[in-house]
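# Structure at a glance
Take a look at the letters that make up each chain.
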Amino acid sequence: AEACDETCVLLRYIPASRKVMALHAEYSSHPLRYQIDMFQPHSLLWGATGRSVLAFLPEREIDAAIKDNDPSPASGEALPPRTSLLKDLREIRTRGYAITHGQKIAGAVGIAAPLFNSERHPIGCLSITMPKARYSQKGAAKISALLLASASNLNRSLGFQG
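Heads up: these notes are all about the structure in this document.

Moving on to the overall build of the chain. What the chain contains, in helices and strands, is four helices and six strands. Here the C-alpha radius of gyration of the chain, 15 Å, is about what a compact globule of 162 residues would show, namely 15 Å. Dimensions of the chain, computed from C-alpha atoms along their principal axes, come out at roughly 40 × 40 × 30 Å. Relative to its full complement of 162 residues, the chain shows a buried share of 43%. For the chain, restricting intrachain contacts to residue pairs at least 6 apart in sequence, the fraction spanning at least 24 positions comes to 58%.

Set out below in structure tokens:
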């Protein structure tokens, strides 16, 4: 949070409900920032926090999440076609992180990198959320590199050797 001055959140994946939940947040110093609902489960289908975990789950768990068919919490929009969602998840796996625009919070950009246990199962993610007005491609490259480095450090401390 100090390095990027945006809201940073640690989230935990809850396998039994196929949700993610914020455990800790550090807030930006900007007057325009997002207040995070702590300990409130959120869908894996929407937003960088959910999709960063969903992309690394086994196919049967991805299919189960798709069957949940949760609408977008920001707009009420329906889930995109399965082929489109699976393409997005492949891109997230290739990139190593998810980035979404207004999927979970209207007007927000979310970037999230998965966290893994020593058995290579996703257990949560680290995320950065910012207003769309402060987002830029150049800034996103810096923030995503910072996020990936932080997630990598935390993953190593959790025993993940990826």
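Don't stop here, the text continues.
Okay, the pattern of salt bridges next. Where charged atoms from two side chains of opposite charge approach closely, those side chains can pair. Counting across every chain of the model gives seven salt bridges. The salt bridge partner of E6 is R134, with a shortest N-O separation of 2.7 Å. With E6 in the segment before β1 (7-14) and R134 in the loop between β6 (122-131) and α4 (137-157), this pair connects stretches of sequence that are 128 residues apart. Assessed through its relative accessible area of 27%, R134 is described here as partly exposed. Here D88 makes a salt bridge to R51, at a shortest N to O gap of 2.8 Å. Of the two residues, D88 is situated in helix α3 (residues 82-95) and R51 in helix α1 (residues 47-54); the sequence distance between them amounts to 37 residues.

Calculation rules
- Residues numbered from 1 in each chain as written.
- Predicted model: local features only at pLDDT ≥ 70, side-chain atom pairs only at ≥ 80, totals over all residues.
- Heavy atoms only, no water.
- Helix = DSSP H or I, 4+ residues; strand = E, 2+ residues; numbered from the N terminus.
- Rg over C-alpha atoms; globule rule 2.2 N^0.38 Å.
- Buried < 20%, exposed > 50% of the residue type's maximum accessible area, 1.4 Å probe, protein only.
- Contact = heavy atoms within 4.5 Å.
- Salt bridge = Lys/Arg side-chain N within 4 Å of Asp/Glu carboxyl O.

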